[in-house]
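Chain and residue survey
Chain by chain, the residues run as shown.
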Amino acid sequence: MNKELRLSVHELVDFLFRTGDIDNRIFNAETMKEGSNIHSWFQSLQKQDYISEYQVFEKFKIDDYEISLEGRADGVIIEKDNLFIDEIKSTIADLEEFFEEHKKWHLAQAICYGFIIAKEKNIDSVNIRLTYINQVDRSILKKDFSFSRDKLEKEVESYLKDYISFYEQIEKHIEKRNLSAQNIKFPFSEYRNGQKEMIKYSYGVIKNGGILFCEAPTGIGKTMSTIYPAIKSFASTNNDKIFYLTAKNSGKESAYKAVNILKDNGMILKSIVLTAKDKICFCKGKACNPDECIFAKGYYSKIKDAIAYAFNKYDVLNYDSISTIASSFGICPFEFQLDMSLYFDIIVCDYNYFFDPIVYLKRFFETNPFKVVALIDEAHNLINRAQGMYSGKIDYALFLKAKKSLSKCEDKTMKRALKSLTKQLKLFEEYEDGETLIARLEQKLLNSIENFLIASSSYRKKTKDTVSEELKDFSMELNRFYRLLDFYNDSSVIYIAKNGKNNYLLNLFCLDPSRFIMQSLHQAKSKIIFSATLTPIDYYIEGIGGNESNPVLSLKSPFNINNLCLMVAPNISTRYKNRKDTLKTVAEYIKEAIKGCVGNYFVYVPSYEYLDMILPYLSDIDGDLIVQEKDMNDYQRDEFLSKFLDKPTKTTIGLVILGGAFGEGVDLVSERLIGVVIVGVGLPQICYERNLIKDYFNEKNKMGYKFSYIYPGINKIMQAVGRVIRSETDRGIALLIDDRYLTSDYNSLFHQKWKNYHVVTSSKDINKIIDNFWKD
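All of the points below concern the structure found in this document. (Residues numbered from 1 in each chain as written. Predicted model: local features only at pLDDT ≥ 70, side-chain atom pairs only at ≥ 80, totals over all residues. Heavy atoms only, no water.)

**Concerning the overall build of the chain**
- From N to C terminus, the chain includes 26 helices and 25 strands.
- The C-alpha radius of gyration of the chain comes to 29 Å, within 12% of the 28 Å expected for a compact globule of 776 residues.
- Counting only C-alpha atoms and orienting by the principal axes, one finds that the chain spans roughly 95 × 70 × 50 Å.
- Sequence separation of at least 24 residues holds for 80% of the intrachain contacts in the chain that already meet a minimum separation of 6.
- Summed over its atoms, the accessible surface of the chain is roughly 34500 Å², and 47% of this surface lies on carbon and sulfur atoms.
- Here the chain holds 105 positive side-chain charges and 105 negative ones, and the gap between their average locations is 1 Å. (Helix = DSSP H or I, 4+ residues; strand = E, 2+ residues; numbered from the N terminus. Rg over C-alpha atoms; globule rule 2.2 N^0.38 Å. Contact = heavy atoms within 4.5 Å. Areas by Shrake-Rupley, 256 points an atom, 1.4 Å probe, with all protein chains shown as cover. Lys, Arg positive; Asp, Glu negative; His and termini not counted. Charge placed at Lys NZ, Arg CZ, Asp CG, Glu CD.)

**A short note on unusual backbone geometry**
- For the bond running from T535 to P536, omega is 0°, close enough to zero to count as cis.
- Along the chain, P536 falls in the loop between β17 (526-531) and α19 (537-544).
- Its identity as a non-glycine residue notwithstanding, N122 has a phi of 55°, on the positive side.
- Tracing the backbone through its elements, the reader meets N122 in the loop between α3 (95-121) and β5 (125-134).
- Owing to a relative accessible area of 57%, N122 belongs among the exposed residues under this scheme. (Buried < 20%, exposed > 50% of the residue type's maximum accessible area, 1.4 Å probe, protein only.)

**With respect to the packing of aromatic side chains**
- Counted according to the given criterion, the structure contains 48 aromatic pairs.
- Aromatic pair F15 and Y163: ring centres 5.5 Å apart, planes at 80°, arrangement edge-to-face. Of this pair, F15 sits in helix α1 (residues 9-17) while Y163 sits in helix α4 (residues 149-183), and the two are 148 residues apart along the sequence.
- Under the relative-accessibility criterion, F15 is labelled buried at 12%. (Phe/Tyr/Trp six-rings, centres within 6.5 Å; stacked < 30°, edge-to-face > 60°.)

**Brief notes about helix α7 (residues 249-264)**
- In a regular helix each residue adds 1.5 Å, so 16 residues correspond to 22 Å; α7 covers 23 Å between its end C-alpha atoms and thus fits that length.
- Of the residues making up α7, those classed as buried are G251, K252, A255, A258, V259, N260, L262 and K263.
- Its buried side turned inward, α7 meets α6 (222-232), β8 (241-246), β9 (271-273), β10 (316-317) and β11 (346-350).
- Remark: G266 follows α7 within two positions and exhibits a positive phi of approximately 110°. (Expected span 1.5 Å × (residues − 1).)

**Focus: the sheet that holds β11**
- The strand order across the open sheet built from eight strands is β10-β9-β11-β8-β12-β17-β7-β18, with neighbouring strands paired in parallel fashion. Strands at the two margins of the open sheet, each flanked by one partner only, are β10 and β18 (552-554).
- Sheet analysis places β9 next to β11, joined by three bridges and oriented parallel. In the sheet register, V273 faces β11, and the bridge partner there is V348.
- The strands that α7 touches are β8, β9, β10 and β11; relative to β11, the one it contacts most, it runs at about 165°. (Pairing = 2+ DSSP bridges. Axes fitted to C-alpha atoms, helices over the stretch in contact; angles between N-to-C directions.)

**Here's the deal with the nonpolar core**
- Counting 201 residues, the largest nonpolar core has F336, L506 and F602 as its most contacted members.
- The dominant element in this core, judged by the number of residues it contributes, is α3, at 14 residues.
- Those residues in contact with F336, other than ones at most four positions away along the chain, are Y299, I303, A306, I307, A310, I322, I325, A326 and I331.
- In this structure, C214, M224, V259 and L553 belong to the second largest nonpolar core, which totals 34 residues. (Core = buried A, V, L, I, M, F, W, Y, C linked by side-chain atoms within 4.5 Å.)

**Some remarks on the pattern of salt bridges**
- As enumerated under the stated definition, the model contains 39 salt bridges in all.
- Here E70 and R6 are joined by a salt bridge, their closest N and O atoms 2.9 Å apart. Within this pair, whereas E70 is found in strand β3 (residues 65-78), its partner R6 is found in strand β1 (residues 3-8), the two being separated by 64 residues in sequence.
- Assessed through its relative accessible area of 39%, R6 is described here as partly exposed.
- With its nearest N and O atoms 2.8 Å apart, the salt bridge here joins D345 to R177. (Salt bridge = Lys/Arg side-chain N within 4 Å of Asp/Glu carboxyl O.)

Here it is, written out as structure tokens:
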């Protein structure tokens, strides 16, 4: 039986023939977008017999493989006895140099198209032209080649044989992987309450395709309950890749541990954990080009050997192993991990790599999108994260700094582009202070942005070390804004936020990313969307782009409900207008809540402003008070958490921000955390953008205030309360302080999560309930 392999022409020739450097001045989002524009412009100038974007597909029998090769030729002219193939490339680099550096790579691509079409049309003679267009001045360089069909056939078959010599290693691994998936057993002697049910429903969707929304409280083991059935499906489906997507590093760690447990139990699997660029980069602060970073130089000439080595030697790739391999080969670790992920079975990574329209891993979905399983953990974060992915801005103050850095620029193209953009952005100085909606952006502004981005790329290539950080940062910001305009629709707005003549932000703001989220999810065959807190589920289904027909699994907590003593204090207003008046009483309640038992506690407050206000009232609190600081890095956060010891002999209180770094993803098991006090209802700060969201959803479903404020806020509460009980033996208390908790909007949500709570209206009530709880 023949083995099947499906490849795009790009995938084939990129792997075999691409050489040279990583250079973000030549190959970047700006030049790619302009490249598409130039393709369209050039194609529009051709005669009627010129066919643009010609789809090609052909099957090849090479050894034991049946290979499906597909792609799209830029331009084709088909005559009776002759075939003309046009492969168009655009760049900001010198055209002759660009051709000489990439000739073999580009020609191989055209050769594949030429043979497939020649065979399809039964034509023996093929003329190939490589057309190079300069993005700055649109000058054109043409390089012509002639081939017989027989010559092209031998060339393409040799490419495929070379690729198979590498792919055979992958095929052997897949065979072993699938056999081990057939035999792998659940790695624990017992299932937790609810776990077997989650595995069963997840497996059904993973096997047959579709989407499942699942609320799985802490303790069920939701990570293993999704990874295990996904891996198990390798044995009985054509599923080929698993994306485990998460919003927090803690989610990555849980997935990493679960995969390793399965490996220890006999599963043959290759897994990779992707690390953010700013954390894994060897040359922090340097641009990705050979003039600034030695690990960018010759990257594509070295990568094939690095991939072969890593695939044969490693089954697990993470920060440490990726850094080690990249260092030994002298290549960029960030790009290496992305290239390596193509050949691994499970990719554990941030949401960005799947949902962000600018940086998502497009390479996975060009040929085999329906072999992908997407496991979306911590899905309560997805709506807010996706809003950010489809929102961009132009910071006028940053532009002025970039402009100042170009004061001595002699490059005529750069100066002309800067002058044009200055003229257009200066028009917004006339707007009044505050926020103003803008119906549409003028074409003159869009043209000046496009020209500036092209000129900036070319200028950075020419000037190398003299380019300012301000120009780099502004070009990156401007490019993102410009590219995101492609996604501007009725669920987005453009507005200007102005504070003084030379200080404004031109914002593209996504109000509702549900359409975009679902478009991304459609790239996968199977989608499991899960979190410990998806209440109310209708909000998350609509916000993520689902519908009423999507299956929902809502599981109960496996822990004894009596292990958590939940109290609500509905007699205190923490609204902004009342805060100063209730600070003393709130502080008394906090002190009373921690008196009942020596141990570790978190006190969650609405903001840093509130933190500063209440801090003086807690100066006499009975214990060590540790205060969260702004912008803490990973090391500082770990240091903060290290103060909360198991089996403490004194009380430690962490004063932290609700919804901040310690609001979720904190797993302090046993006596490392025995209580939380939550001040307020978690409402996002009232602001212009939140009100825009409110108005949008009022128009869409009459639930604007809930979608914009209440539901995002209550999720913060649920996450914070969820920090207390992390295992079946944990016991602890939670005190919620605000007079809105027992109103109808919150009470209905409360009853979906917690039916067993106490109402307290004084310090004496708190003392009595907590005293009885700890005595029990």
